[in-house]
Amino acid sequence: MASSISKTFDLLAQSRNSHAVNALILALDVEDPEIREQAVFALLQQQSSRGLVEVIRRYATHSAGIRKLLETHSNALDAAIRQCLQHGNRELQYAGLEFVRITCDFKQIPSIISLFENKRLVNHQPDLTSQTLRYLVGRLYEYFLNPSVDSVYSRAFLKNAKEIRRDNLNAIVAATEHLQEFDRPEEIMESLLILGKVDDPAIRKVLWSSNEDIRRLVEQVLKQSKHIGVMQLICDFTEVNYPNAKVLEAISTRDDPEFIAHLLRWLPEKPTELQQTNFRQMEQVIWLRADRQDFSRIPQVLQVALIRLISLLNLDVTSKKQAQKWMLQHGTPAAKEAAIDMLRKMDTAEVTEMVLESLDSEDPIQQAWATCQLRAQHVPDAMNLLINKIDSPVEEVREAARQELSSFDVEYVLEHFEEFHPQVCPSVGKLLQKLNPRCIVDLSRAMAHPLRKRRIQAARCAYALKLHDQVAPALAALLEDADDLVRRTSAEILATVSSSTARQALATLVNDANTRIREIAAKALQRPLTQEQPDGNQVEGTNET
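Cut-off values and rules
Residues numbered from 1 in each chain as written. Predicted model: local features only at pLDDT ≥ 70, side-chain atom pairs only at ≥ 80, totals over all residues. Heavy atoms only, no water. Helix = DSSP H or I, 4+ residues; strand = E, 2+ residues; numbered from the N terminus. Rg over C-alpha atoms; globule rule 2.2 N^0.38 Å. Buried < 20%, exposed > 50% of the residue type's maximum accessible area, 1.4 Å probe, protein only. Phe/Tyr/Trp six-rings, centres within 6.5 Å; stacked < 30°, edge-to-face > 60°. Salt bridge = Lys/Arg side-chain N within 4 Å of Asp/Glu carboxyl O. Arc of directions from axis to C-beta. Contact = heavy atoms within 4.5 Å. pLDDT = per-residue confidence, 0-100. Polar contact = N/O pair within 3.5 Å; in protein donor to acceptor, adjacent residues only side chain to side chain. Patch = residues over 30% accessible without salt bridge, like charges linked within 9 Å, V, L, I, M, F, W, Y side chains within 5 Å. Areas by Shrake-Rupley, 256 points an atom, 1.4 Å probe, with all protein chains shown as cover. Lys, Arg positive; Asp, Glu negative; His and termini not counted. Charge placed at Lys NZ, Arg CZ, Asp CG, Glu CD. Core = buried A, V, L, I, M, F, W, Y, C linked by side-chain atoms within 4.5 Å.

What to know about the overall build of the protein chain
So, step 1. When helices and strands are tallied, the protein chain shows 32 helices and zero strands.
So, step 2. Relative to the compact-globule value of 24 Å for 545 residues, the protein chain shows a C-alpha radius of gyration of 42 Å, a clear excess of over 25%.
So, step 3. Viewed in the frame of its principal axes, the protein chain has a C-alpha envelope of about 140 × 60 × 35 Å.
So, step 4. When the 545 residues of the protein chain are sorted by exposure, 49% land in the buried category.

Dropping the structure here:
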């Protein structure tokens, strides 16, 4: 039986009699799915427009097998689809649009655009037509994205993709020449800007060579469209010589979150010289004005890009400073670093103020960042502040303080203590003891160094750090040094220590061969035991000449 039916459909497919088409159309409505499928296949072979129109009319009721068959033979349906779209009634147009959408038949984009002409949408499917056009244009745009870019579509191979894009661009730009006759002209213009590139003749034509109404419509779409293709076209114009003024104006005036996010995600880490030149032409970006800034809505991952953008633009100083201040106070650690590295013109006092404000923040991340900036930004009393942060209840802050102070060992301090402010030196001494309980032993060993300069340096360092009373035994050992300057330095420092051990050590110098050393010892022994030499007195012998 099946073989007989197959032979019958083969004969009907080859027949050019109109009654054969009628019979096949009737077979589309029988209950047997196999017969319906063979009828569809026969009509595809017949290539009868009337028969294929009826196939499309019934698209919603077809089985999955028939739909798959139609999708694989979509080229054979081109003429029938155009007839459904342009000349069919409401039912046929709906079926045609649905078929085009499901099969992604990009060749039908011009036919869909023609539906917008001469008010033809009024009695048909205006919303469905718009949705189908946007879907097809979006899918076609996706084929030209970098494969590494995330896409909501599955980008299968599209044969002759460049030719399809070119043909559709030509059809759309031809429609723009009499756009006043079209419904929803903004959607047609948006389709053109989505598919177009900066070097396409179609794009250059509507931007530079069209009439005032068209240019006004282009400007509207550039400033309002949230499609990634339009927003990317705007960004791409920063990479060409003499970009269109309306494109740069769109960057300056758009403040919608979608465009701001796209601009920041796209912004290159290292803009070309041409991009830098084009960005410098923009003296104002509306959402970056001092009175419009609201960076709380910027995702944290885009804050570094935001600082990069601000550094590229020719903004007024007030807006730049306010943006930097917000970022230093509320930005991520990476954004704070970018704000400091890329915007160096800010006053040092203001940076110090921001660091101190962040140091008192309730946000642990801001506290930790500020802790890391104390030394880098030369904040006054940084040492004391760092020492205090060692005992912070916040783990991130304690760790930041430890990292900042990790280089502060005895060797480092011996090399740099002369650079410290005198008021900071006692804090450094406390820090050394807190970070390294063996610092007193290390200082004592340094005083026994073979080099005279090193021995003197260690003694002077202990005195500057107010640790000299704890290294008194090592200082006492220096009193037996053969070098006069070493003995004199040690004597002057021990003279400031009010202890019996220091007195006993100084007593050995009353008969020293050096007159100045004998005078220092005698003067120290004359003072009462509890009287300590004031901190402000200069240890005279510590400056080697």
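Here the narrative resumes.
Concerning the packing of aromatic side chains
So, step 1. A complete count under the given rule lists four aromatic pairs for this structure.
So, step 2. An angle of 90° between the planes, with centres 5.2 Å apart, marks the rings of Tyr 59 and Phe 99 as edge-to-face. Here Tyr 59, found in the loop between helix H4 (49–57) and helix H5 (64–72), pairs with Phe 99, found in helix H7 (residues 90–103); they are 40 residues apart in sequence, far enough to count as distant. Each member of the pair, Tyr 59 as well as Phe 99, is classed as buried.
So, step 3. Centroid distance Trp 208 to Phe 237: 6.3 Å. Interplanar angle 55°. Geometry classified as tilted. Note that Trp 208 is positioned in helix H12 (residues 201–209) and Phe 237 in the loop between helix H14 (228–236) and helix H15 (245–253), a separation of 29 residues in sequence.
So, step 4. Relative accessible area serves as the criterion here: at 1%, Phe 237 is assigned to the buried category.

A look at the pattern of salt bridges
So, step 1. Summed over the entire model, instances satisfying the criterion amount to 29 salt bridges.
So, step 2. Between Lys 107 and Asp 105 there is a salt bridge, and its shortest N-O distance comes to 3.4 Å.
So, step 3. Residue classification places Lys 107 among the partly exposed positions, given a relative accessible area of 41%.
So, step 4. In this structure Asp 105 comes out as buried when scored by relative accessible area, which is 3%.
So, step 5. With a shortest N-O distance of 2.5 Å, Arg 454 and Glu 411 are connected by a salt bridge. With Arg 454 in helix H28 (residues 452–464) and Glu 411 in helix H25 (residues 410–416), the pair connects residues that are 43 residues apart, well separated along the chain.
So, step 6. On the accessibility criterion, Arg 454 (13% relative accessible area) is buried.

Section: helix H31 (residues 500–507)
So, step 1. Inspection of H31 places Ala 502, Arg 503, Ala 505 and Leu 506 among the buried residues, and these make up the whole buried set. Along H31, the residues classed as buried sweep out an arc of 165° about the axis, all on the same side.
So, step 2. Packing partners of the buried residues in H31 comprise helix H29 (472–478), helix H30 (484–494) and helix H32 (515–526).

A closer look at unusual backbone geometry
So, step 1. Within the chain, Cys 104 stands out as a residue other than glycine whose phi angle is a positive 50°.
So, step 2. Its place among the elements puts Cys 104 in the loop between H7 and helix H8 (109–114).
So, step 3. One non-glycine residue, Lys 466, lies in the positive phi region at around 60°.
So, step 4. Tracing the backbone through its elements, the reader meets Lys 466 in the loop between H28 and H29.

Considerations on the confidence of the model for the protein chain
So, step 1. For the protein chain, per-residue confidence averages 83 on the pLDDT scale, and residues scoring 70 or more make up 92% of the total.
So, step 2. Predicted confidence for residues 532–538 stays below pLDDT 50, and this span has 10 contacts to residues more than four positions away or in other chains.
So, step 3. Within the model, pLDDT remains below 50 along residues 540–545, and this stretch shows 15 contacts once partners closer than five positions in the same chain are excluded.

Description of the environment of Thr 238
So, step 1. Here Thr 238 shows up in the loop between H14 and H15.
So, step 2. Spatially, the C-alpha atom of Thr 238 lies 28 Å from that of Leu 179, the residues being 59 residues apart in sequence.
So, step 3. The contact partners of Thr 238, leaving out residues within four places of it in the chain, are Ile 251, Trp 266, Leu 274, Gln 275, Asn 278 and Phe 279.
So, step 4. Within the structure, Thr 238 has its side chain in polar contact with the backbone oxygen of Cys 235 (distance 2.6 Å).

Overview of a negative patch on the surface
So, step 1. Taken together, the side chains of Glu 31, Asp 32, Glu 34 and Glu 37 define an acidic patch exposed on the protein surface.
So, step 2. Mapped onto the secondary structure, Glu 37 falls in helix H3 (residues 33–46).
So, step 3. By relative accessible area, which is 35% here, Glu 37 ends up partly exposed.

What about the environment of Asn 436?
So, step 1. On the secondary structure map, Asn 436 appears in the loop between helix H26 (425–435) and helix H27 (439–446).
So, step 2. The sequence separation of Asn 436 and Leu 288 amounts to 148 residues, and the corresponding C-alpha distance is 49 Å.
So, step 3. Within polar-contact distance, the side chain of Asn 436 engages the side chain of Asp 442 at 3.2 Å.

Overview of the side chain of Asn 168
So, step 1. Its location among the elements puts Asn 168 in helix H10 (residues 161–176).
So, step 2. Taking the relative accessible area as the measure of exposure, Asn 168 reaches 3% and is therefore buried.
So, step 3. With residues up to four places along the chain from it excluded, the contact list for Asn 168 reads Phe 106, Ile 109, Pro 110, Leu 140 and Leu 195.

Comments concerning the nonpolar core
So, step 1. In this structure, Trp 287 and Leu 288 are the most contacted members of the largest nonpolar core, which totals 170 residues.
So, step 2. Aside from chain neighbours lying at most four places away, what touches Leu 288 is Gln 293, Phe 295, Leu 306, Leu 309, Ile 310, Leu 313, Leu 315 and Ser 319.

Describing the environment of Ala 376
So, step 1. By the secondary structure assignment, Ala 376 is in helix H22 (residues 364–376).
So, step 2. Exposure remark for Ala 376: the relative accessible area of 46% places this residue in the partly exposed category.
So, step 3. Taking the C-alpha atoms as reference points, Ala 376 and Glu 404, 28 residues apart in sequence, are found 9.6 Å from one another.

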